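Structural description and commentary
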Amino acid sequence: MIEYKYAVEIGGANTKIFVKDCGLSLSEPTLVAAEATPQGYKILGLGNEAKKLMGKTTDAVEVFSPVSNGLIKNFEYCQKLLEYFFNKVEYKKRRENVIVLVNCGLGENEKKEYLRLLHAVGFKEVKLVPTTVCSCLGAGKNISSTKTTMVVNMGGANTDVAVINMNSIIKGATIGIGGRAMDSAISHTIAYNHGIVIGLGMAEALKNEVGSLFTNDTLNMEITGVDVETKMPRAYIITSNDLYPVLEPYFAEIIKAVEVTITSLAPEISTDIIQNGVMWTGGLANIAGLGEYLKKYFRFPFYIASDAENVSILGGGKLLDDQQLLSKIVENF
């Protein structure tokens, strides 16, 4: 029987690695910083080091993610990033096998690309499993049951909506809405409304610290950016009310996707969901006021997973100890 030692989630915001018998061992931004030179692009930083360079370099340096909307957009840099991450958790090339958490909406060609990537990094055996299924496992759900569970996983690049029972996804979709899109919208809105240019790093901090779905929240945060007219640094206080009209439409779209999914299900499955509720996971599930916001739309139960940001990779970690369940999930994916 093949032993799997690693589970990895290559997210739109962060990449996480779970090591068997060690637990969650790495969580770093899925970012590469590269500089254009006459000899080609030179890597200046990966992960945390790349994020430190955001907005602090010349125009010749680009900080980017080699993964976009759950798809591998730059194979070479994605490979270098993963090799760097696995080396940090004492990975020994071509000696271990790996489980990879991926979006439920991946096509066959995209799945093959992930397999090719992990083989290139040095793994012999690679198994792909849906992130949403791992979310259920991380939350302690019995995915082998005939009772249906619905999961909404809101990540950095996109959101997965999945209906799960008997170790498989019976209905699932991936929509291109995630934290990165919200960061970009915050940056553009502040420039347009307040005449201050800020980087995506500052926009992300605003989303995490001040973002709220309460309509009357009083959270605020002082930012420093570049004045559009004078080109000089300028400080400004941003409030939750400034961000609400930016963030709310994205969550409204996610709710529409959930409603469309539910209305497409057979009555017996819908009954299960109405009884068991919908689980919300991912980093965006931590935004203030999400629970109250969801009450406006859903009359059936829902709940936000404990440790929503890490519940998926923790579920992947559980699969490392259950080869039989892993085989069933892979067979159905």
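Refer to the structure printed above.
Here is what the cut-offs are and how they apply
Residues numbered from 1 in each chain as written. Predicted model: local features only at pLDDT ≥ 70, side-chain atom pairs only at ≥ 80, totals over all residues. Heavy atoms only, no water. Helix = DSSP H or I, 4+ residues; strand = E, 2+ residues; numbered from the N terminus. Buried < 20%, exposed > 50% of the residue type's maximum accessible area, 1.4 Å probe, protein only. Phe/Tyr/Trp six-rings, centres within 6.5 Å; stacked < 30°, edge-to-face > 60°. Lys NZ or Arg CZ within 6 Å of the ring centre and 35° of its normal. Pairing = 2+ DSSP bridges. 1 Å grid on protein atoms, 1.4 Å probe; cavity = no way out; pocket = protein on both sides within 12 Å on 5 of 7 lines; lining within 4 Å. Points joined across faces, edges and corners; volume = space filled by probe spheres on them. Nonpolar A, V, L, I, M, F, W, Y, C, P; charged D, E, K, R; others polar. Axes fitted to C-alpha atoms, helices over the stretch in contact; angles between N-to-C directions. Parallel < 35°, antiparallel > 145°, perpendicular 65-115°, else oblique. Left-handed = near helix turned anticlockwise from the far one by under 90°. Contact = heavy atoms within 4.5 Å.

1. A short note on unusual backbone geometry
- A positive phi angle, close to 55°, is found at Asn69, a residue other than glycine.
- Here Asn69 lies in the loop between strand 7 (67-68) and strand 8 (71-72).
- The backbone of Asp307 sits at a positive phi, close to 50°, despite the residue not being glycine.
- Residue placement: Asp307 occurs in the loop between strand 18 (302-304) and helix 10 (311-319).
- Classification of Asp307 as partly exposed rests on a relative accessible area of 40%.

2. Regarding the packing of aromatic side chains
- A complete count under the given rule lists eight aromatic pairs for this structure.
- Summarising the aromatic geometry, the rings of Tyr6 and Phe86 are spaced 5.6 Å apart at their centres and angled 85° between planes, so their arrangement reads as edge-to-face. With Tyr6 in strand 1 (residues 6-10) and Phe86 in helix 2 (residues 75-88), this pair connects stretches of sequence that are 80 residues apart. Here the two residues Tyr6 and Phe86 agree in accessibility, since each one is buried.
- Ring geometry for Phe298 and Phe300: centres 5.2 Å apart, planes at 35°, overall tilted.
- By relative accessible area, Phe300 is classed as buried at 17%.
- Every member of this aromatic cluster is reached through a ring pair, and the members are Tyr6, Phe86 and Phe123.
- Stacked on the ring of Phe333, the Lys or Arg Lys111 has its end atom at 3.9 Å from the ring centre.
- Positioned above the aromatic ring of Phe75, the side-chain terminus of Arg116 is 3.8 Å from the ring centre.

3. Structural notes on the pairing of strand 11 (residues 149-154)
- When you tally the buried positions in strand 11, you get six out of six residues, the bulk of the element.
- Going residue by residue along strand 11, you find Thr149, Val151 and Asn153 tucked away on one face and Met150, Val152 and Met154 tucked away on the opposite face as well.
- Bridge count between strand 11 and strand 12 (residues 159-165): six bridges; the pairing is antiparallel. Its bridge partner lying in strand 12, Val152 is registered against Val161.
- A loop of four residues connects strand 11 with strand 12, the two strands running antiparallel in sequence.
- Sheet topology note: the strand 11/strand 17 (residues 278-281) ladder contains four bridges and is parallel. By the bridge assignment for strand 17, Asn153 is matched with Thr281.

4. Regarding helix 4 (residues 131-138)
- Taken across its eight residues, helix 4 has seven buried, putting it largely inside the fold.
- When we look at burial in helix 4, the residues that qualify are Thr131, Thr132, Val133, Cys134, Ser135, Cys136 and Leu137.

5. Observations concerning empty space enclosed by the protein
- All chains considered together, the criterion is met by one cavity of 30 Å³ or more.
- Estimated volume of the largest cavity: approximately 40 Å³.
- As for the largest cavity, its lining consists of Pro130, Val133, Asn167, Ser168, Ile169, Ile329, Asn332 and Phe333.
- Elements with a minimum of two residues in the lining of the largest cavity: strand 13 (168-175) and helix 11 (323-332).

6. Concerning the layout of surface pockets
- Here the largest pocket defines a volume of roughly 830 Å³.
- Contributing to the lining of the largest pocket are 34 residues, with Met54, Gly55, Gly199, Leu200 and Gly201 lying nearest its centre.
- Taken together, the elements giving at least two residues each to the lining of the largest pocket come down to helix 1 (48-52), strand 6 (61-64), strand 7, helix 5 (179-194), helix 6 (200-209) and strand 15 (220-227).
- Among the elements that take part in the lining of the largest pocket, strand 6 stands out by supplying four residues, more than any other.
- Considered class by class, the residues forming the lining of the largest pocket number 14 nonpolar, 13 polar and seven charged.
- Estimated volume of the second largest pocket: approximately 670 Å³.
- Around the second largest pocket, the lining comprises 39 residues; the ones closest to its centre are Ala13, Met154, Gly155, Gly156 and Gly283.
- Ranked by residue count, the leading element in the lining of the second largest pocket is helix 6, at four residues.

7. Some details on the packing of helix 2 against helix 3 (residues 108-121)
- Orientation of helix 2 relative to helix 3, taken along the N-to-C sense of each, is 50°, at an axis distance of 9 Å. By the angle between their axes, helix 2 is oblique relative to helix 3. Helix 3 is crossed by helix 2, and the crossing has right-handed handedness. In contact with Phe75, Cys78, Gln79, Leu82, Glu83 and Phe86 of helix 2, helix 3 contributes Glu113, Arg116, Leu117, Leu118, Ala120 and Val121.
- Per-class residue counts for the contact of helix 2 with helix 3 are eight nonpolar, one polar and three charged.

8. Observations concerning the packing of helix 5 against helix 7 (residues 240-263)
- Put simply, helix 5 and helix 7 touch, their axes get as near as 10 Å, and they point 145° apart. Considering only the axes of helix 5 and helix 7, their crossing is right-handed. Contacts between helix 5 and helix 7 pair Ala181, Met182, Ala185, Ile186, Thr189 and His194 from the former with Asp242, Leu243, Val246, Leu247, Tyr250 and Phe251 from the latter.
- Its residues assigned to classes, the contact of helix 5 with helix 7 shows nine nonpolar, two polar and one charged.

These values are about where atoms sit, not about what they do.
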